[in-house]
Amino acid sequence: MNAQNPSLRSLRKKALLLGSVGAILLGVSAFIWPDRAWANMLASAFFLVTIGLGGAVFLALANVCGAGWHVAFRRIPEALTGLLPIGGLLLLATLGAQLSRFTWHHHGTGDPGTFWFKEMWLDSRFFLARAFLFILIWILFSRILVRNSIRQDETGNGDRRINAGISVVFLAIFAVTFSLAGIDWIMALEPMWFSTMWGVYQFSGLMMATLACIVLGSVFLRSAGPMQGIFRDDHLHDLGKLLLGFSCFWMYIWFSQYMLIWYSNIPEETFYFEKRMNTPWLPITIGNLVLNWIIPFFVLLPRPSKRNQGIMVKIAVVVLLGRWVDLSVMIFPVVVGEMPLWGVPEIAAIALLFGLGSLLFLRSFTLGNCVPRNDPFLAESMHYHT
Amino acid sequence: MSRRVLLATFSHENDLLNAVAAVRERGIKIVDAYTPYAVHGLERAMGLKHSRLTWVCFICGMVGALGMLAFEHWTAAIAWPINVGGKPWNSLPSDVPVAFEAAVLLAGFGSVFALFAVSRLFPGKSADVIHPNSSDDRFVLVMDESNASFDTASVEAMLKSFDVVETEERILSGAGQS
């Protein structure tokens, strides 16, 4: 029934068009500015993977907590996990295309900071195999969580304890693998630098982007039809509270990382911020804080704005933009250089990200029913007051 | 200040919710409702205005954060500068954690004490129980009778349709029940 919805179908066409234009432009710019195109590709692919993974994390968290409030719009985080396979493939292709950026021992052993574990860890084969394994594990767990939910539509059976058990295992594995993935794919671009806050910093960004995507997807599907009368302002309100909370969490983690490095003032740690604050990147670094915390915090603080769909959509867009800027600040100063550049490759990457992301999301959303119709908590979720 | 009120007691939350809607439709002023647990949708049915406590919380938090930043700047850079790790006197990053804690502390205490003040709660206050079962299995609705147009008999008859368990007229004295 979903697949016939005309507004969804036309949007899928537009998303496909946007994604293709982005992909072509990015492909062309790879010949003109190979470094910039690669950095954009890494940011986009990592962005896609984290949103897909974030959908699974949201489901797992809800299962572990025994939550019922999210059941009415559970198909939206479930549809987000549909971004994982293609996003993962893109990411693996990106990593494989310029593997030399991560493997640092090709300078020859004996470099400062070299020791056997680091060399073993960043060995190209082990690096790629690990990336493959991480993505495979995430796809596997998200498939299991979504499959159990879809199966419940037909059979009506769904043992919440089994799902909660799977989710506990997944969250434990996720905590380890995602920390390592963030370190591998982004922090290892600067192999001489290290931060123990990095894993949790990546996690905070993942949660923010995922919640923003759930808000955008729910509000869009409510106005387009399928979620009308199902997704309520009370759900929006609670998503807004979570977004506000994780925005503060992100700022807390960002500042914790910054302050520890600022305080101890050791050259092998400070050069990360040196590169991003004593260069023309400074305004972008400050803009990152404005987009990810200052704007969401002050706008989402009053109750009415969390229940207002227009405001929530704008904040979700700001947060997603902030996530892109956050990833740019992590990646671009290393790969591209001291000068923040903005042009065709960046616009192409954002178009690819938005087009491909919406296309994959809508494709997996239209596969099944738009509500888990046999979930025993559906009634509770639809009469939910916050 | 004392006033005449009508107490209506229900045994189900839905009866209370429907009665509140009907009572408001008749233009009767509701003094308060007492329930054993938080009834979802009751504040909306009663037409309660949104609490201003959030503003108290926000302002206390801002005072805590900005006040502590100012105080730290004064101590560290003006009154008694101490060289810590060769950092400049007015180092903002080192001030942030304490300012954050002060914001949380003031926002928390400010909200709690503002709530106590507004509800006139203080240690040792004797409990003002409107109905012995209002914290057990009864939902109590308190209506203002002071309006001259209040017709007790017809209100009681109307409440019958919501399975009212008992009604009782009472004179409330003092501010505790407002």
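Counting of residues starts from 1 at the beginning of each chain's written sequence and follows it residue by residue. Here chains are named by letter from A upward and ligands by number from 1 upward, in the order in which they appear as written. Local features are withheld for residues below a pLDDT of 70 in this predicted model, meaning they are given only at 70 or higher, and side-chain atom pairs are given and counted only at 80 or more; totals for whole chains, interfaces and linings count all residues. Values shown for side chains rest on all heavy atoms present in the structure; no hydrogens or waters enter the calculation.

1. Regarding helix H3 (residues 53–79) of chain B
Since the α-helix advances by 3.6 residues per turn, residues separated by three or four positions end up pointing in the same direction. This is how it is decided: Starting at the N terminus, helices and strands are each numbered in turn, a helix being any DSSP run of H or I of at least four residues and a strand any DSSP run of E of at least two. Residue count minus one, scaled by 1.5 Å, sets the expected span of a helix. Note on contacts: a residue pair qualifies if any of its non-hydrogen atoms lie within 4.5 Å across the two residues.
Its 27 residues give H3(B) an end-to-end C-alpha distance of 36 Å, which sits within 8% of 39 Å, the value for a rise of 1.5 Å per residue. If you follow the buried residues of H3(B), they end up packed against helix H4 (92–118) of chain B.

2. Some thoughts on the environment of B:Val129
Within the secondary structure layout, B:Val129 lies in the loop between H4 and strand E3 (139–144). When the C-alpha atoms of B:Val129 and B:Tyr34 are compared, they prove to be 9.5 Å apart, with 95 residues separating the residues in sequence.

3. So, the interface of chain A and chain B
Rules: Accessible area, probed at 1.4 Å, shrinks when two parts are joined; the buried area is that loss added up over both. When a carboxyl oxygen of Asp or Glu is within 4 Å of a side-chain nitrogen of Lys or Arg, the pair counts as a salt bridge. As used in this structure description, the phrase polar contact means that two N or O atoms lie within 3.5 Å; if the pair is within protein, one of them must be able to donate a hydrogen and the other to accept it, and residues adjacent in sequence are counted only when both atoms belong to side chains.
Taken residue by residue, the interface counts 13 residues in chain A and 13 residues in chain B. Interface of chain A and chain B: buried area, both sides summed, is about 1,200 Å²; carbon and sulfur atoms make up 72% of it. On the chain A side of the interface with chain B, the three residues burying the most area are A:Phe255, A:Trp262 and A:His385, jointly 43% of the side's total. Applying the counting criterion to the chain A and chain B interface returns one salt bridge. Across the pair A:Asp234 and B:Arg44 runs a salt bridge, and its minimum N-O distance is 4.0 Å. Our count for the chain A to chain B interface comes out at two residue pairs in polar contact (both at pLDDT 80 or more). Among the elements that line the side of chain A that touches chain B, the one with the most residues is helix H9 (residues 233–264) of chain A, at seven residues.

4. Comments concerning the domain arrangement of chain B
Filter applied, for reference: Per the annotation, domain bounds derive from an automatic or database assignment of domains.
Each assigned domain of chain B is listed with its residue range as follows: domain 1 (3–49 + 128–172) and domain 2 (53–119). Each of domain 1 of chain B and domain 2 of chain B was reduced to a C-alpha centroid, and the two centroids are 45 Å apart.

5. Observations concerning the pattern of salt bridges
Residue and element names in this part refer to chain B. In plain terms, the rule: A simple rule labels every residue: compare its accessible area, found with a 1.4 Å probe on the protein chains alone, to the largest value its type can have, and call it buried under 20%, exposed over 50%, or partly exposed in between.
Taken as a whole and assessed by the stated rule, the structure comprises 21 salt bridges over all chains. Note that Arg4 and Glu169 form a salt bridge whose closest N and O atoms lie 3.0 Å from each other. On the criterion of sequence distance, the pair formed by Arg4 in strand E1 (residues 2–10) and Glu169 in strand E4 (residues 166–173) is long-range, its members being 165 residues apart. Under the relative-accessibility criterion, Arg4 is labelled partly exposed at 43%.

6. Observations regarding the pairing of E1(B)
Residues and elements named next belong to chain B. Put simply, the test is: Two strands pair if DSSP finds at least two bridges between them.
E1 sits mainly inside the fold: seven of its nine residues count as buried. Relative to E4, E1 runs antiparallel, the two sharing eight bridges. Across the sheet, Arg4 pairs through a bridge with Ile171, a residue of E4. Inspection of the sheet shows E1 paired to E3 by six bridges, in the antiparallel sense. When the bridges of E3 are listed, Ala8 appears paired with Leu141.

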